[in-house]
Amino acid sequence: DEYEQGILKYMLSAKVDRSEATGNIDAKLNNAMDWSYQKMAEKNGKPKVDYTRLDRKQAVLTVVWALGITPLALNVVFNTADQFINSPGPSVIKQ
């Protein structure tokens, strides 16, 4: 599995434990450009980012989007499509 090999390779090259390697590989797969920028900043003295720590605020926002906003947006899209299909307006001729 390429993912597992990537974690093991990162563990060896960066000399970190498995959780830190997993966090870094996940961050790199999620957004490679930002991850690379962060690594360059760390080399230049910036604080090291802990990708294993759960940000509670971000977790709450993710849950709110997943359970609240996304279903609401889908409902609006489906209702709009349904209204257009069932009553398309005066410019469309029904047969």
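Structural data are supplied above this passage.
Residues numbered from 1 in each chain as written. Predicted model: local features only at pLDDT ≥ 70, side-chain atom pairs only at ≥ 80, totals over all residues. Heavy atoms only, no water.

Asker: Residue-level account of helix 2 (residues 18–30), with values.
Answerer: Residues three or four positions apart in an α-helix share a direction because the helix packs 3.6 residues into each turn. Taking 1.5 Å as the rise per residue, helix 2 with 13 residues should run 18 Å; its terminal C-alpha atoms sit 18 Å apart, in good agreement. Looking at helix 2, one finds that the buried residues are Ala 21, Gly 23, Asn 24, Ile 25 and Ala 27. Turning to helix 2, the residues buried within the fold contact helix 1 (2–14) and helix 3 (32–43). (Helix = DSSP H or I, 4+ residues; strand = E, 2+ residues; numbered from the N terminus. Expected span 1.5 Å × (residues − 1). Buried < 20%, exposed > 50% of the residue type's maximum accessible area, 1.4 Å probe, protein only. Contact = heavy atoms within 4.5 Å.)

Asker: Account for the side chain of Lys 39, with residues named and values stated.
Answerer: Among the structural elements, Lys 39 can be located in helix 3. On the basis of relative accessible area, Lys 39 is assigned to the buried category, the value being 14%. Excluding anything up to four places from it in sequence, Lys 39 contacts Tyr 10 and Asn 24.

Asker: With reference to specific residues and values, describe the pattern of salt bridges.
Answerer: Tallied over the entire structure, the rule returns three salt bridges. Its salt-bridge partner being Glu 20, residue Lys 48 comes within 2.6 Å of it at the nearest N-O pair. Taken as a pair, Lys 48 in the loop between helix 3 and helix 4 (56–86) and Glu 20 in helix 2 lie far apart in primary sequence, 28 residues in all. Classification of Glu 20 as partly exposed rests on a relative accessible area of 21%. (Salt bridge = Lys/Arg side-chain N within 4 Å of Asp/Glu carboxyl O.)

Asker: Mind laying out unusual backbone geometry, listing which residues take part and the relevant values?
Answerer: Residues other than glycine seldom take positive phi values, yet Lys 15 does so here, at roughly 55°. Here Lys 15 lies in the loop between helix 1 and helix 2.

Asker: How would you sum up the nonpolar core? Please name residues and give values.
Answerer: Residues Ile 7, Tyr 10, Val 16, Ala 21, Ile 25, Ala 27 and Trp 35 constitute the largest nonpolar core, which totals seven residues. When residues of this core are traced back to their parent elements, those giving at least two are helix 1 and helix 2. If sequence neighbours within four positions are ignored, Ala 21 has contacts with Ile 7, Tyr 10, Met 11 and Val 16. (Core = buried A, V, L, I, M, F, W, Y, C linked by side-chain atoms within 4.5 Å.)

Asker: Can you break down the packing of helix 1 against helix 2 residue by residue, with the values?
Answerer: At a minimum axis distance of 9 Å, the contact between helix 1 and helix 2 shows a crossing angle of 120°. Taken as axis vectors, helix 1 and helix 2 run oblique relative to one another. Seen along the crossing, helix 1 lies across helix 2 with a hand that is right-handed. Along the contact surface, helix 1 presents Tyr 3, Glu 4, Gly 6, Ile 7, Leu 8, Tyr 10 and Met 11, while helix 2 presents Arg 18, Ala 21, Thr 22, Asn 24, Ile 25, Asp 26 and Leu 29. Among the residues forming the contact of helix 1 with helix 2, the class breakdown is eight nonpolar, three polar and three charged. (Axes fitted to C-alpha atoms, helices over the stretch in contact; angles between N-to-C directions. Parallel < 35°, antiparallel > 145°, perpendicular 65-115°, else oblique. Left-handed = near helix turned anticlockwise from the far one by under 90°. Nonpolar A, V, L, I, M, F, W, Y, C, P; charged D, E, K, R; others polar.)

Asker: Describe the packing of helix 2 against helix 3, naming the residues involved and giving the relevant values.
Answerer: At a minimum axis distance of 5 Å, the contact between helix 2 and helix 3 shows a crossing angle of 130°. It follows that helix 2 is oblique to helix 3 by the angle criterion. Taking contact as the criterion, the partners of Asn 24, Ala 27, Lys 28 and Asn 30 in helix 2 are, on helix 3, Ala 32, Trp 35 and Lys 39. Here the contact of helix 2 with helix 3 is built from residues that sort into three nonpolar, two polar and two charged.

Spatial relationships are all this shows, so hold off on functional conclusions.
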